[in-house]
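So the chains spell out like this:
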Amino acid sequence: MSEMPKLKDALLEVADKVATLTFNRDDVRNALTGTNLIDDIIDTLDWVEHSSEAHVLVITGAGKGFSSGGNVKDMHERSGMFSGNVEDIAAAYKATIQRIPLKFSQISFPVIAAINGAAVGAGFDLTGMCDIRIASTRAKFGENFVNIGLIPGDGGAYFLQRVVGYQRAAELTFTGRLFGAEEAKDIGYVLDVVEPEQLLTHAHELAKEIASKPPYQVRQSKLLMRKAQVMNLPDFLDHTAIVQGTCHHTDDHKQAVAEFVKRR
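Engineer: Is there a simple way to think about helix α11 (residues 233–248) in this case?
Structural biologist: An ideal rise of 1.5 Å per residue puts 22 Å on 16 residues; α11 measures up with 22 Å between its terminal C-alpha atoms. Of all the residues in α11, the buried ones are Phe236, Val243 and Cys247. Considered in projection along α11, the buried side chains sweep an arc of 50° and stay on one side of the axis. Away from the buried face of α11 by more than 90 degrees, exposed residues Pro234, Asp238 and Ile242 are located. At its buried positions, α11 is contacted by α10 (215–228) and α12 (251–263). The backbone nitrogen of Asp235 lies 2.9 Å from a side-chain oxygen of the residue at the head of α11, namely Asn232.

Engineer: Whenever I open this one, the environment of Ala19 confuses me. Can you help?
Structural biologist: Structurally, Ala19 is set in strand β2 (residues 18–23). We classify Ala19 as buried; its relative accessible area is 0%. Linking Ala19 and Ile59, residues 40 residues apart in sequence, is a C-alpha distance of 8.5 Å. In this view, Ala19 contacts Leu12, Glu13, Val14, Val48, Ala54, Val56, Leu57 and Val58; residues no more than four positions away in its chain are not counted.

Engineer: Can you help me understand the sheet that holds strand β7 (residues 132–136) in this one?
Structural biologist: Note: strands within a sheet are paired through backbone hydrogen bonds, in either parallel or antiparallel orientation. Pairing in this open sheet of six strands is mixed, and the strands run β1-β2-β3-β5-β7-β10 from one edge to the other. Both outer strands of the open sheet, β1 (10–15) and β10 (192–194), are each paired with one neighbouring strand and no more. This sheet shows a mean twist of 20° between the axes of neighbouring strands, independent of strand direction. Where strand β3 (residues 56–61) and strand β5 (residues 111–115) come together, three bridges link them in parallel fashion. Its bridge partner being in β5, Leu57 is matched across the sheet by Val111.

Engineer: Where do I start with the sheet that holds strand β9 (residues 178–180) in this structure?
Structural biologist: Across the sheet, which stays open at both edges, the four strands sit in the order β4-β6-β8-β9 with mixed pairing between neighbours. Looking at strand neighbours, the two that pair on one side only are β4 (65–67) and β9, the edges of this open sheet. Taking each pair of neighbouring strands and ignoring which way they run, the sheet shows an average axis angle of 20°. Note: β4 against strand β6 (residues 118–120), two bridges, orientation parallel. When the bridges of β6 are listed, Gly65 appears paired with Ala118.

Engineer: Looking at this model, I keep getting lost on the pattern of salt bridges. Mind explaining?
Structural biologist: Side-chain pairs of opposite charge can arise whenever the charged atoms involved come near each other. Evaluation of the coordinates by the stated rule reveals twelve salt bridges. As a salt-bridge pair, Asp131 and Lys222 come within 2.8 Å of each other at their nearest N and O atoms. Placement of Asp131 in the loop between α5 (122–129) and β7 and of Lys222 in helix α10 is noted, with a sequence separation of 91 residues between them. Looking at Asp131, the relative accessible area reads 35%, which means it is partly exposed. By relative accessible area, Lys222 is classed as buried at 8%. Residues participating in the shared-partner salt-bridge network are Arg168, Glu171, Arg177 and Glu183.

Engineer: Where do I start with the layout of surface pockets in this structure?
Structural biologist: Rolled over the atoms, a probe with the dimensions of a water molecule shows which regions are left empty. Of the pockets and cavities examined, the largest pocket occupies roughly 710 Å³. Of all elements in the fold, only α4 (99–104), α5, β7, α6 (156–164) and α10 reach the threshold of two or more residues within the lining of the largest pocket. The leading source of residues in the lining of the largest pocket is α10, at five residues. Of the residues assigned to the lining of the largest pocket, the class counts are 14 nonpolar, six polar and six charged. By volume, the second largest pocket is sized at about 220 Å³. Along the walls of the second largest pocket sit 20 residues, with Gly69, Gly70, Met75, Ala122 and Phe145 positioned nearest its centre. A breakdown of the residues in the lining of the second largest pocket according to their chemical character gives twelve nonpolar, seven polar and one charged.

Reading the values: rules and limits
Residues numbered from 1 in each chain as written. Predicted model: local features only at pLDDT ≥ 70, side-chain atom pairs only at ≥ 80, totals over all residues. Heavy atoms only, no water. Helix = DSSP H or I, 4+ residues; strand = E, 2+ residues; numbered from the N terminus. Expected span 1.5 Å × (residues − 1). Buried < 20%, exposed > 50% of the residue type's maximum accessible area, 1.4 Å probe, protein only. Arc of directions from axis to C-beta. Contact = heavy atoms within 4.5 Å. Polar contact = N/O pair within 3.5 Å; in protein donor to acceptor, adjacent residues only side chain to side chain. Pairing = 2+ DSSP bridges. Axes fitted to C-alpha atoms, helices over the stretch in contact; angles between N-to-C directions. Salt bridge = Lys/Arg side-chain N within 4 Å of Asp/Glu carboxyl O. 1 Å grid on protein atoms, 1.4 Å probe; cavity = no way out; pocket = protein on both sides within 12 Å on 5 of 7 lines; lining within 4 Å. Points joined across faces, edges and corners; volume = space filled by probe spheres on them. Nonpolar A, V, L, I, M, F, W, Y, C, P; charged D, E, K, R; others polar.

No statement about biological role is implied by the geometric values presented.
Structure follows, in structure tokens:
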């Protein structure tokens, strides 16, 4: 059993094999830059990946917003990671915000975003890295980098089109417009929209259902869906056959089959 990470700007709780990471910097609308939230996210993802205590992660925000992404005040003052010449800023992006998509590409457990309020810029892109998104009726979304003369520098152009398709991703990226929870559901960006007081309950119910399933099989299913995006079909089926063969030799499979036969 590994020790839970000591977070600085977020809270981490575990119950029923579900970990909940709550951004706790409402004073800056849970901005990812200029806070410790990037490190908190990375440390949490690392811990859940190697922990037997949590099988699913729920990410949400405390206060009015989910995450405002980059700190615009720091951009205006050209301070922190936004200071220096082109090479300095590029290096800062690689050393900070781009660590998040790279870590998400390495984890094997399911992640659910419970979006309580505004998720814009890098905060919006973070939700796109999650497997499932559930939104409060108060949630607002925006790939709004173009509005402040930027591009999605955190991998958003990679993830968004994989969620909603190229054409819709292009429209949202090129216009930078904000849109609400119901539209997010209509375009397939979020799975469900619920009232604010029901958000965490709904997310945790889904997370607990997933966490109750055999963890090896759930993780391998996520990895298979990821590999299916980049592998050709023959290689993918070869890999699937090996994973399935391994599943046939697990205790979870043997017990489930025995119970199924017994019920019949």
